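Notes for the structure review
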Amino acid sequence: MADKYVGKRVKRTEDPRLIKGLAHYVDDIGLPGTLHVAFVRSMYAHARITGIDTSEALKVPGVVAVYTGKDIATKIGPVPCAAALPDLKVPDYRVLATDKVLFVGHPIAAVVATDKYAARDAAEILYPGVELEELPAVVSIIDGVPTTPVIHEHFGDNIAYKLTSGEGDIEAAMKAADRIVKQKMIHQRLAPIAMEPRGVLARYFPGEEELTVWSSTQIPHLLRTQLALMIGIPENKLRVITPEVGGGFGSKLNVYAEEALLGWISMQLGKPVKWIESRRENVAATIHGRAQVGTVEVGIKNDGTITGLRYNVVADLGAYHQLLTPAIPTLTGLMLSGAYKIPAIQMNVTGVFTNKMSTDAYRGAGRPEATYVVERVMDVIARELNLDPIEVRRKNFPKADEFPFHTATGLDYDSGDYEAALKKALDLSGYQKLREEQKKARDNGKLIGIGLSSYVEICALGPSQAMPAGGWESATVRIEPTGKVTVLTGASPHGQGQETSFAQIAADEVGVDLNDVTVIHGDTGIVQYGIGTFGSRATAVGGTAVLIAIHKLKEKAAKIAAHMMQCDASRLSFEAGCYSKQEAAAAAVTGKSEPVVPVGEGPAGALNEVPTPTNGRNKITIQEIALAAHIAKELPPDTEPGLSATYFFEPKNFTFPFGTHICVVEIDKDTGETKIIKYVAVDDCGKVINPLLVDGQVHGGIVQSIGQALYEEVVYDEQGQLVTGELMDYALPRASQMPWFDTDRTETPSPVNPLGVKGVGEAGTIGATPAIVNAVVDALSPYGVKHLDMPVRPEAVWRIIRAPEG
Amino acid sequence: MKQAISINVNGVDYPGEVEPRMLLVHYLRDVLGLTGTHVGCETSICGACTILIDGQAVKSCTMFAVQADGSNVTTIEGLAANGNLHPVQEGFWECHGLQCGYCTPGMIMTSTQIIDRNPDPSREEIRHGLEGNLCRCTGYQHIVEAVEYAAKKASA
């Protein structure tokens, strides 16, 4: 069927409410009688709680209640961790601290008041009432596993787990090498900083015994299940609604203490309660990302062929495990083959507890670390062998006909043509000319650097076997009596635009106008169980569920159509939302004996039923069928009324998008500042549903990469004090610092799903960081620089430039 | 003690009494129910709360409601005239200048000032004008294109 919408730059259907200021984020929902919650949080990284006096706070006008760790310790279950690793140590993570605080921002008490100003006043007044005995803090992992003090005393040390992964004989691979290249790399701690901080509104109906929780989350259904277990309310009495969500980037792919506590407080007080995270709370107590320090060793032949790769890494997990904390570094291990044939790979990871907020899934989640390790070390190898970085990459690429391609990390890459993306990026950037210009600029005393990255990522998470809580996604599609098409998706998009892209898929498949489709998500009271939006999965997995649900729906619609037109279903063709009875004679004349039939139906048969006026109509729209299906007077025997289908799609494999990014930087010799003067991104995310949305995802992803490469870092000082606790100190990329992006694509469809899509949400964040750092290192290579750690701040660059020669 | 104020918001006079410490953004959102203006950082860094006060783009999270007494305020809800989108709103829609939408009202209000001051801004001037507004989704490129679109449309 001709695609009217899929593949086109369709403007987003969700935009009108957003650009008019009429959308509803959690804080925009006002319920009468709502009480407001403010938290008292630790200002120390590590301290023993010796007493809490709440009496002064309770005197503040408007204060209704104050809860401390002791009040809830036996009432609310621990914050859950879904990662299952062998011998994993899992600390008991209570929603309010009980005997010790373990990080700056650790909640100690919750104050409930009639308005938010009073709640904050009371929280401030309460803080001096908290008696804390400060303890030394475990902060840095730069020099390996910190041994003292032990944060969770009963564990005996600060090691949460140790894991070795990979395939192939790594020792033999290293022996077979002509030389070994070794490089230590730091992946600094980052804060996701969704522009909308977290927020929770909870309302309990004591009569109905029902609790509704509005939360700014990426996973409404998983959150419902976990909250039901934590609070002890039947899951079918709990409804989670995610209204508009102002960005997530993985930070809202979690179950947080505040979500459970708010639900519980509402049940205690029988009133709606609201908590909106301040930005300071957001930086301190919403998950962080990255935070790995590792050393990569690569065995190479003198021609650049890689024989083996080993990565020894310490991962800074923070004080507790949030939902996926310990699992994130394991994703790094999965992607250490990058875009290359590497016969043996080994990762040895040690996850350690520190007195900091938990790390967890931040856009890319473990894969940016792998890509950075591989793509950075490719440049180190090129330098070692005095080869062009492109040559080293080409030498180790699998060829397009080698897919599915098995890696020594245990994966099977679905499809790819890495050379094609590389070539396109080289052509688009004018690479040879760039190198010539660089040489000229250098001769004129300018510092120009060119860096590239040929990345692969793992997306469309994923088969359920590889996921902690289901890797499928669900969709229900129904055609209402008036012919309007309703799509309910279990994915819960929060800015990615699936209200539009899923409507495109549905409008094309059902053959209706885009405006006749509404996509509903993020409400467990309305939508069937779903997994959520993360891991670049929503379109590849959730979009496929929509597609197949429509196929199922059309099987039924065709039977009803055949019944209404008094013919066999095999004689129907479907086009532009309309079933038509095929003229058998006409088909014979044209020689085309196979009319278009919907999936699930047999091919045109031999029935020679000649239409006559008495047979009734020869055409009927699917929207008319929907009405007939609901009125149910004209249905074939044994047919259920209604026109609706649900499908849960379970992918057989992940997908593996890839691409090449090329970055050109110029460094200001006087200030050490890095300016990106050209950026070319060629990405292959398989089939594209909406190029406009794909460009948006790519741009945004690259900018988060630039943030990591050049600006961002969550900094804790030696005492574990958070010194980048506001946006005044945590440096987010700004419009004036960002370059223009030239984007293009190659298109290698994924065989994993019938849409052929691979996913694109994290591509920029995974692929771009090494291209930028490689460019900076290249620019500074005249100074003998072989590696720089992120973020590459002007000061560090300035010192290199100013250092006395030799 | 509460203080009497009167602020004209989107063409309507709102007399009221507020605590002197009430932030303007809370007055707009919680008292007047105009929730299109968002709070993103509470420190004037992110610009999600940007509104126009007497035609000037201002961050309403670090201004008290009493300071706006007697002024004319325009919020995102008041931008579309007679149901027609403002060229900047149109530009954001056409050019995919938003994803999660949270920074968008502030971005749009700031952008109206950019083209008010300079009907034909260069890309560099647009980026400079957007420096006080943070977006974590778009990478800014589509926002720059949206402002270019709006500038063309407004001067057409």
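All values reported here derive from a predicted model rather than from experimental measurement.

1. Focus: the overall build of chain A
The secondary structure content of chain A amounts to 20 helices and 28 strands. The C-alpha atoms of chain A give a radius of gyration of 29 Å, which matches the 28 Å a tight globule of 806 residues would have. Seen along its three principal axes, the alpha-carbon backbone of chain A occupies a region of about 95 × 75 × 50 Å. Counting the 806 residues in chain A, one finds 58% classified as buried. Relative to all contacts within chain A whose residues are 6 or more apart in sequence, the contacts with residues 24 or more apart total 81%.

2. A word on the environment of valine 314 of chain A
All names here are of chain A. Following the sequence through the fold, valine 314 ends up in strand S14 (residues 306-318). A C-alpha to C-alpha distance of 51 Å links valine 314 and leucine 553, two positions 239 residues apart in sequence. Residues in contact with valine 314, not counting those within four places in the same chain, are Ile141, Gly144, Val145, Val293, Gly294, Thr350 and Val352.

3. Overview of the domain arrangement of chain B
All names here are of chain B. When its domains are assigned, chain B resolves into domain 1 (3-78) and domain 2 (87-155). On a C-alpha basis, the centres of domain 1 and domain 2 stand 21 Å from each other. Facing 14 residues of domain 1, the contacting portion of domain 2 comprises eleven residues. If one sorts the elements of the side of domain 1 that touches domain 2 by residue count, strand S3 (residues 50-53) sits on top with three residues.

4. Here we look at unusual backbone geometry
Apart from glycine, the bulk of residues carry a negative phi angle, and the bulk of peptide bonds sit in the trans form. A cis amide bond links threonine 148 of chain A with the next residue in sequence, proline 149 of chain A, at an omega value of -10°. Tracing the backbone shows proline 149 of chain A in the loop between strand S6 (130-134) and strand S7 (159-165). Following methionine 790 of chain A, the chain continues into proline 791 of chain A via a peptide bond in cis, with omega recorded as -10°. Within the element layout of this structure, proline 791 of chain A appears in the loop between helix H19 (763-779) and helix H20 (794-802). Located in the positive-phi region is asparagine 82 of chain B, a residue other than glycine, with phi close to 50°. Within the secondary structure, asparagine 82 of chain B is located in the loop between strand S5 (72-74) and helix H2 (87-94).

5. A few points about helix H14 (residues 498-510) of chain A
Residue and element names in this part refer to chain A. Between its first and last C-alpha atoms H14 spans 17 Å; for 13 residues at 1.5 Å apiece the expected length is 18 Å, and the two agree. Across the 13 residues that make up H14, a large majority, twelve, are buried. When H14 is considered as a whole, its buried residues turn out to be Gln498, Thr500, Ser501, Phe502, Ala503, Gln504, Ile505, Ala506, Ala507, Asp508, Glu509 and Val510. Packed against the buried residues of H14 are strand S19 (473-479), strand S20 (485-489), strand S21 (517-520), helix H15 (538-564), helix H17 (622-631) and helix H18 (691-711). Just downstream of H14, glycine 511 is the residue with a positive phi angle, here 80°.

6. Considering the domain arrangement of chain A
All names here are of chain A. Along its sequence, chain A is organised into domain 1 (31-135 + 195-247 + 252-285), domain 2 (289-462 + 653-802) and domain 3 (472-649). Taking only C-alpha atoms into account, the centre of domain 1 sits 45 Å from that of domain 3. Each partner contributes to the interface: domain 1 provides 13 residues, whereas domain 3 provides 14 residues. Residue assignment for the side of domain 1 that touches domain 3 shows that the elements contributing at least two residues are helix H6 (220-231) and strand S11 (238-241).

7. Some points on the interface of chain A and chain B
Contacts between the two partners involve 41 residues from chain A, matched on the other side by 39 residues from chain B. Counting residues per element, the ones that place at least two in the side of chain A that touches chain B are helix H1 (15-19) and H18 of chain A. Top element by residues in the side of chain A that touches chain B is H18 of chain A. It accounts for six residues. A per-class count over the side of chain A that touches chain B returns 19 nonpolar, twelve polar and ten charged.

8. Side note on the packing of helix H10 (residues 367-385) of chain A against H19 of chain A
Residues and elements named next belong to chain A. At their nearest, the axes of H10 and H19 sit 8 Å apart, and the two run at 30° to each other. For H10 against H19, the interelement crossing comes out right-handed. For the pair formed by H10 and H19, the contact residues are Arg367, Pro368, Thr371, Tyr372, Glu375, Arg376 and Asp379 on the first element and Thr765, Ile766, Gly767, Thr769, Pro770, Val773, Asn774 and Val777 on the second. Of the residues that constitute the contact of H10 with H19, the class distribution is six nonpolar, five polar and four charged.

9. Here we look at the pairing of strand S5 (residues 107-113) of chain A
Residues and elements named next belong to chain A. In terms of residue burial, S5 counts as a mostly covered element, since seven of its seven residues are buried. As paired elements, strand S1 (residues 35-41) and S5 share six bridges and run antiparallel to each other. If you follow arginine 41 over to S5, its bridge partner there is proline 107. In this sheet, S5 lies alongside strand S3 (residues 63-68) in antiparallel orientation, the contact comprising five bridges. By the bridge assignment, tyrosine 67 is partnered in S5 with alanine 110.

10. Side note on the sheet that holds strand S26 (residues 658-667) of chain A
All names here are of chain A. The mixed open sheet is built from four strands, whose spatial order is S18-S26-S27-S28. Edge positions in the sheet fall to strand S18 (447-456) and strand S28 (741-745), since each of these pairs with one other strand and no more. Averaged over all neighbouring strand pairs, the angle between strand axes comes to 10°, with direction disregarded. As paired strands, S26 and strand S27 (residues 674-684) are joined by ten bridges and run antiparallel to one another. Of the residues in S27, the one forming a bridge with threonine 660 is valine 682.

11. A short note on the sheet that holds strand S10 (residues 210-215) of chain A
Residues and elements named next belong to chain A. The sheet built from seven strands is open, its strands ordered S3-S5-S1-S12-S9-S10-S11 with mixed pairing. Looking at strand neighbours, the two that pair on one side only are S3 and S11, the edges of this open sheet. The average angle at which neighbouring strand axes cross in this sheet is 20°, direction not considered. Against the sheet, H6 touches S10 and S11, its axis set at about 145° to S11.

What counts, and at which threshold
Residues numbered from 1 in each chain as written. Chains lettered and ligands numbered in written order. Predicted model: local features only at pLDDT ≥ 70, side-chain atom pairs only at ≥ 80, totals over all residues. Helix = DSSP H or I, 4+ residues; strand = E, 2+ residues; numbered from the N terminus. Rg over C-alpha atoms; globule rule 2.2 N^0.38 Å. Buried ≥ 20, exposed ≤ 12 C-beta atoms within 10 Å, placed from the backbone. Contact = placed C-beta atoms within 7 Å. Domains from an automatic or database assignment. Expected span 1.5 Å × (residues − 1). Nonpolar A, V, L, I, M, F, W, Y, C, P; charged D, E, K, R; others polar. Axes fitted to C-alpha atoms, helices over the stretch in contact; angles between N-to-C directions. Left-handed = near helix turned anticlockwise from the far one by under 90°. Pairing = 2+ DSSP bridges.

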